[in-house]
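Residue strings, one per chain:
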Amino acid sequence: QDRLQLAFQQIGSVSGGQIHHYEVLARMRDKNGALISPAKFIPTAEQFGLIQRVDQQIISKAIRFLADLPPNHSQIGLAINLSGMSVGNRELYDRIEREVRESGIEPKRVTFEITEPAACEQLNNAVEFIHKVRQLGCRISLDDFGVGFSSFSYLKHLRADILKIDGSFIRDIHNNSADQLFVKALVDVARGMGMRTIAEFVENEQVYERVRILGVYYVQGYYLGQP
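Residues numbered from 1 in each chain as written. Predicted model: local features only at pLDDT ≥ 70, side-chain atom pairs only at ≥ 80, totals over all residues. Heavy atoms only, no water.

## Details of the overall build of the chain
Then step 1. Regarding its fold elements, the chain presents eight helices and nine strands.
Then step 2. By the compact-globule yardstick of 17 Å for 227 residues, the chain fits well, its C-alpha radius of gyration being 17 Å.
Then step 3. Each of the three principal axes of the chain carries a C-alpha extent, and together these read 50 × 40 × 40 Å.
Then step 4. Each of the 227 residues in the chain was classed as buried or not, and the buried ones make up 44%.
Then step 5. Of the contacts made within the chain by residues no fewer than 6 positions apart, 65% connect residues no fewer than 24 positions apart.
Then step 6. Carbon and sulfur atoms provide 48% of the accessible area of the chain, an area that totals close to 11,400 Å².
Then step 7. Between the averaged position of the 26 positive side-chain charges in the chain and that of its 27 negative side-chain charges there is a distance of 3 Å. (Helix = DSSP H or I, 4+ residues; strand = E, 2+ residues; numbered from the N terminus. Rg over C-alpha atoms; globule rule 2.2 N^0.38 Å. Buried < 20%, exposed > 50% of the residue type's maximum accessible area, 1.4 Å probe, protein only. Contact = heavy atoms within 4.5 Å. Areas by Shrake-Rupley, 256 points an atom, 1.4 Å probe, with all protein chains shown as cover. Lys, Arg positive; Asp, Glu negative; His and termini not counted. Charge placed at Lys NZ, Arg CZ, Asp CG, Glu CD.)

Below you can see the structure in the form of structure tokens.
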């Protein structure tokens, strides 16, 4: 019934604070027009095998939205989340390729976010999928990075463009020296491998200042703005 609706949250550069791109977030309208949280409908879609159809709808809506932006927004990019069940799916890749080609947008304006745990669970599929998406000209971001058991070892295989550091390491980073050590190590490794980093859940100025000092490249969270 076409009730899926897009929302967007800013991802900004730490140096200068300008918005670099937006993460695409999904909402759903009920029959009375009220918004339904993804926390309610995404698990149901996964349970009943519908999540790949949701992913395809969001991809189509997001890329067409990007294509319809006026010329003065031609530098804006979008990051689109993919469920673990969609990683490596041929039909989903075909949808990505078709939408990018037909929209005429620069592929580098589209980043696909794959959670690190999902990528590691099906490493071979993820490696192939990432390779094909990057060949198309789009970018890959590893989301929730740091919660996997062997995070650093997987970086040799998952050639992403961006690492999004899991919010569990960011929320209280200004008060937690262990989080600071981990994030600094991750930033240094990512930089050495030619990747940029995003700190999510940046909710206040103290957290912002700490991740800036640690060398994180982009920030996302309520400190910059709500979806």
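## Brief notes about the nonpolar core
Then step 1. In this structure, Ile-80, Phe-112, Phe-129, Ile-170 and Val-183 are the most contacted members of the largest nonpolar core, which totals 57 residues.
Then step 2. Setting aside its immediate chain neighbours within four residues, Ile-80 contacts Val-24, Ile-58, Ile-59, Ala-62, Ile-63, Val-110, Thr-111, Phe-112 and Glu-113. (Core = buried A, V, L, I, M, F, W, Y, C linked by side-chain atoms within 4.5 Å.)

## Comments concerning the packing of aromatic side chains
For any two aromatic rings, the description comes down to two numbers: the centre-to-centre distance and the angle of the planes.
Then step 1. For the coordinates displayed, the defined rule picks out four aromatic pairs.
Then step 2. Ring centres of Tyr-208 and Tyr-223 lie 5.2 Å apart, and the angle between their planes is 40 degrees; on these two criteria the pair is classed as tilted. Here Tyr-223 lies in the segment after β9 (218-220) and Tyr-208 lies in helix α8 (residues 205-213), a separation of 15 residues in the sequence.
Then step 3. Between Tyr-217 and Tyr-218, the ring centres sit 4.9 Å apart and the planes meet at 75 degrees, which makes this aromatic pair edge-to-face.
Then step 4. Exposure remark for Tyr-218: the relative accessible area of 3% places this residue in the buried category.
Then step 5. Above the plane of the ring of Tyr-93 lies Lys-132, whose end atom (NZ or CZ) is 4.4 Å from the centre.
Then step 6. Between the NZ or CZ atom of Arg-171 and the centre of the ring of Phe-201, over which it lies, the distance is 4.2 Å. (Phe/Tyr/Trp six-rings, centres within 6.5 Å; stacked < 30°, edge-to-face > 60°. Lys NZ or Arg CZ within 6 Å of the ring centre and 35° of its normal.)

## A look at the packing of helix α3 (residues 90-103) against helix α5 (residues 123-136)
The description of two helices packed together rests on the angle between their axes and the distance between the axes.
Then step 1. It is the contact of α3 with α5, at a shortest axis distance of 11 Å, that shows an interaxial angle of 10 degrees. Accordingly, the angle class assigned to the pair α3 and α5 is roughly parallel. Contact residues: α3 offers Arg-90, Leu-92, Tyr-93, Ile-96, Glu-97 and Val-100, while α5 offers Phe-129, Lys-132, Val-133 and Leu-136.
Then step 2. Grouping the constituent residues of the contact of α3 with α5 by class yields seven nonpolar, no polar and three charged. (Axes fitted to C-alpha atoms, helices over the stretch in contact; angles between N-to-C directions. Parallel < 35°, antiparallel > 145°, perpendicular 65-115°, else oblique. Nonpolar A, V, L, I, M, F, W, Y, C, P; charged D, E, K, R; others polar.)

Function cannot be inferred from these measures alone, as they are strictly geometric.
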